[in-house]
Amino acid sequence: MNPQALARSRDFDHRGRAWYADRAVTVFVFIGGTSAILFIGGIFAFIAREGLGFVFTEFDAGEFFGSIAWRPTSALDATYGALALIVGTASITGLAMVVSIPFSLAAAVFIGEFARGRVRETLKVLVELLAAIPSVVWGFIGFSIMNSLIIDIFDVPIGLNVLNAGIILGLMAAPIMTTIAEDALKAVPDGYREAAEALGATRWQVIRKVVIPAAKNGLVAAVLLGVGRGFGETMVVLMASGHSINLPDSVFDSVRALTATIAAELGETAVGSDHFRALFTLGILLFLVTFAINLAADIIMRGIRRKGERGRP
Amino acid sequence: MVAGGAPNGGGASAEALSAKVVVQNLTIRYGNHVALRGLDLSIRRNEILGVIGPAGSGKTSFLRALNRMDEFIPGMEVEGRITFDGRDIRRVRNVYALRSRIGVVFPLPVGLPLTVYENVALAPRLRGVRKGSELDEIVERCLRRAALWEEVKDRLDSLGSLLSGGQQQRLTIARALSQEPDLLLLDEFSIAVDPVTTMRIEDVLKDLKNEMSIVLVTNLVQQARRLADRTAFFLTGEHVETSDTARIFSGIVKDPRTHDYIEGRFG
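Asker: Help me understand the overall build of chain A, please; the structure alone is not making it clear to me.
Answerer: The helix and strand inventory of chain A stands at 13 helices and two strands. Relative to the globule expectation of 20 Å for 313 residues, the C-alpha radius of gyration of chain A, 26 Å, shows a markedly less compact shape. The C-alpha extent of chain A, read off along each of the three principal axes, is 85 × 60 × 35 Å. Classification of the 313 residues of chain A by burial places 39% in the buried group. The contacts in chain A between residues at least 6 apart in sequence include a share of 69% that link residues at least 24 apart.

Structure, rendered in structure tokens:
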């Protein structure tokens, strides 16, 4: 370094390349980091602009939440009863959780606590791969394979129903729940396990008495994120549920989901029409519910981190 | 042969009969690294056996082998024979029963994410104690014996991890005692404990010796001198010697390295 450059680098009032590079990077990462706020705000504003117009004019809360008559295309008497759609989504998601919660928690416990070495690494990769399978592929499996399986096994006329969509959605949500639940188990210090083992606890006792209580928040968050995922999923429920407006009496009834309704109908509506705006109202509902679920999961996860940092409950 | 009995030596077979634990030709490897080489050692009934030696001498590996904790450490291989009350520990059918008779106190206190009460009640619960009054009694007795009861009796329901470091270490000792162990393994228990608490725990250990065998792994040579009936010196995986503590510290050693170590000339 020549003496001149050295003197400049030590000059209090001279801003060199490094100073500007630092400033540029700061701005860049700030934009990247805060863009999430922009997007979430933007999306909500967009949905709200279209949907709220409907909410304040045609919208009838009694009809929307109380009627199953979703007849947006009726020329004489269009009605927008979303009850069947809400029940459809809820029943599919509910069944999916019944399938995926025990499945994925068991998988997480096996991968995190029992499997060792190569088995464990292989399983982790496979589960992550499973999580990456496009939902249309799952939908296809529901549509072609599960459909005929259900017809054969249960001797019912149609296999595209709550059972089909629930199982497929459950299998689809399981890998993500497994991954998050396994992370939660991994966050439990090994010292806890060793201490409990040294007391003479069996492996299952260690897991039940020490590891699961310690990982409880993370496990709940995993389940909630799985619920959120199931709730917002579209393609599987469109392809496997039968897509017919119906209050189901049993898991063998076809139903229609909120998401699938939007996906199937939006392309055929006139922009700005009541129907178009009613679909956006469904969007608001979906947005609010998934937002609430994810927020709850996030708050619970933060709870864990804080506990980890301060050693407090 | 009991505590403070004949000095080093004596008939090996007689010792084998009366000892709590007999270790024969114990070698521990982690992959290519040999942590402990050909250890022959016995732990007598009702004695405190001090184990000293610099870091990396195989002390902790030795403790791990005693209650078969090696099974959870990938790559740790144990060869040789260890008997506990004459039973080969590799051949017991229920390893959990073996571990339940061996209490372990780790270098840093591991307060399980449970309340003070539940930390101490866990081991009794695991072995099937259900009755509340019985559990209460065990918890109080163990906490008293670990010199902790007076400090925590009003907050048994708060989390163990909220106690101070010294209190947590006494909690882990209470937890180990709740197993009603025959053998208590302490691995540098005083690392995170203040000197006053250390002295209190040491008094507790002197008392406990009447009921169980204790292995005290320590970095503090003076701690071994204060507590141990016999002292074993390990050096980079080699068992240099084991002898009566009084003899070792009065300079009667078989190997000059032992003398150098306790005099602080290396390590």
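Asker: What is the right way to read the nonpolar core from this model?
Answerer: All names here are of chain B. Val23, Leu26, Phe62 and Leu66 are the most contacted members of the largest nonpolar core, which totals 58 residues. Residues contacting Leu66, with those up to four places away along its chain left out, are Val21, Val23, Ile43, Ile82, Ile89, Leu98, Ile102 and Leu185. Val120, Ile138, Ala146 and Val204 belong to the second-largest nonpolar core, a separate cluster that totals 37 residues.

Asker: Explain the packing of helix α5 (residues 117-131) of chain A against helix α7 (residues 162-186) of chain A to me, please; I cannot follow it from the model alone.
Answerer: Relative orientation and spacing of two packed helices are given, respectively, by the angle between their axes and the distance between those axes. All names here are of chain A. Direction vectors running N to C along α5 and α7 enclose 140°, while the axes themselves pass 8 Å from each other. Considered as vectors, α5 and α7 are oriented oblique to each other. Contacts between α5 and α7 involve Arg120, Lys124, Val127, Glu128, Leu130 and Ala131 from the former and Pro175, Ile176, Thr178, Thr179, Glu182 and Lys186 from the latter. Residues belonging to the contact of α5 with α7 are distributed by class as follows: five nonpolar, two polar and five charged.

Asker: How should I be thinking about the interface of chain A and chain B in this particular structure?
Answerer: By convention, interface size is frequently given as the accessible area that disappears when the constituent parts associate. Of the residues lining the interface, 19 residues belong to chain A; the matching set on chain B comes to 23 residues. Across the interface of chain A and chain B, roughly 1900 Å² is buried in total on both sides, 71% from carbon and sulfur atoms. Considering only the surface of chain A that becomes buried against chain B, Glu194, Ala198 and Leu199 of chain A emerge as the three largest contributors, covering 32% of it. For the pair chain A and chain B, the interface holds one salt bridge. Residue Glu194 of chain A pairs with Arg64 of chain B through a salt bridge whose shortest N-O separation is 3.0 Å.

Asker: Any chance you could explain the side chain of Arg256 of chain A here in plain terms?
Answerer: Residues and elements named next belong to chain A. Relative to the helices and strands, Arg256 resides in the loop between α11 (235-240) and α12 (258-265). Separated by 2.7 Å, the side chains of Arg256 and Glu265 make a polar contact. Not counting residues within four places of it along the chain, the set of residues in contact with Arg256 comprises Trp70, Ala84, Leu85, Gly88, Thr89, His243, Ser244, Ile245, Thr261 and Glu265.

Asker: What is the right way to look at the domain arrangement of chain A in this model?
Answerer: All names here are of chain A. Per the domain assignment, the segments of chain A are domain 1 (3-57) and domain 2 (70-310). Distance between the C-alpha centres of domain 1 and domain 2: 35 Å. Contacts between domain 1 and domain 2 engage 13 residues on the former and 11 residues on the latter. In total, about 1000 Å² of surface goes out of reach between domain 1 and domain 2, with carbon and sulfur atoms giving 85% of it. For domain 1, the biggest contributors to the area lost against domain 2 are Ile47, Glu50 and Phe54; these three give 53% of the whole. Taken together, domain 1 and domain 2 are joined by zero salt bridges. Between domain 1 and domain 2 we count one residue pair in polar contact (both at pLDDT 80 or more) in total.

Asker: I would appreciate a short explanation of helix α2 (residues 17-55) of chain A in the present structure.
Answerer: In an α-helix there are 3.6 residues to a turn, and that puts residues three or four apart on one side. Between its terminal C-alpha atoms α2 of chain A stretches 55 Å, which fits the 57 Å expected from 39 residues at 1.5 Å a residue. The sharpest bend along α2 of chain A measures roughly 35° and falls at Thr34 of chain A.

Asker: Could you clarify how one ought to interpret the domain arrangement of chain B in this entry?
Answerer: Residue and element names in this part refer to chain B. What the domain assignment reports for chain B is domain 1 (1-94 + 181-267) and domain 2 (110-180). Both sides of the domain 1 and domain 2 interface together cover about 1100 Å² of buried area, and 64% of this is carbon and sulfur. Taken as a group, Pro181, Arg200 and Val204 account for 40% of the area that domain 1 buries against domain 2, more than any other trio of residues on that side. Put simply, domain 1 and domain 2 have two salt bridges between them. In this assembly, domain 1 and domain 2 are joined by four residue pairs in polar contact (both at pLDDT 80 or more). Per element, the largest residue contribution to the side of domain 1 that touches domain 2 is five residues, and it comes from helix α8 (residues 195-208). Partitioning the side of domain 1 that touches domain 2 into residue classes produces nine nonpolar, one polar and three charged.

Asker: How should I be thinking about the confidence of the model for chain B in this particular structure?
Answerer: Low-pLDDT portions of the prediction should not be read for the details of their coordinates. Confidence in the prediction of chain B, expressed as mean pLDDT, is 87, and 93% of residues score 70 or more. Note that pLDDT drops below 50 for residues 1-11 of chain B; the model gives that stretch 16 contacts with residues more than four away or on any other chain.

How each quantity is defined
- Residues numbered from 1 in each chain as written.
- Chains lettered and ligands numbered in written order.
- Predicted model: local features only at pLDDT ≥ 70, side-chain atom pairs only at ≥ 80, totals over all residues.
- Heavy atoms only, no water.
- Helix = DSSP H or I, 4+ residues; strand = E, 2+ residues; numbered from the N terminus.
- Rg over C-alpha atoms; globule rule 2.2 N^0.38 Å.
- Buried < 20%, exposed > 50% of the residue type's maximum accessible area, 1.4 Å probe, protein only.
- Contact = heavy atoms within 4.5 Å.
- Core = buried A, V, L, I, M, F, W, Y, C linked by side-chain atoms within 4.5 Å.
- Axes fitted to C-alpha atoms, helices over the stretch in contact; angles between N-to-C directions.
- Parallel < 35°, antiparallel > 145°, perpendicular 65-115°, else oblique.
- Nonpolar A, V, L, I, M, F, W, Y, C, P; charged D, E, K, R; others polar.
- Buried area = accessible area lost by both parts, 1.4 Å probe.
- Salt bridge = Lys/Arg side-chain N within 4 Å of Asp/Glu carboxyl O.
- Polar contact = N/O pair within 3.5 Å; in protein donor to acceptor, adjacent residues only side chain to side chain.
- Domains from an automatic or database assignment.
- Expected span 1.5 Å × (residues − 1).
- Bend = angle between axes of the 7 residues up to and from the residue.
- pLDDT = per-residue confidence, 0-100.

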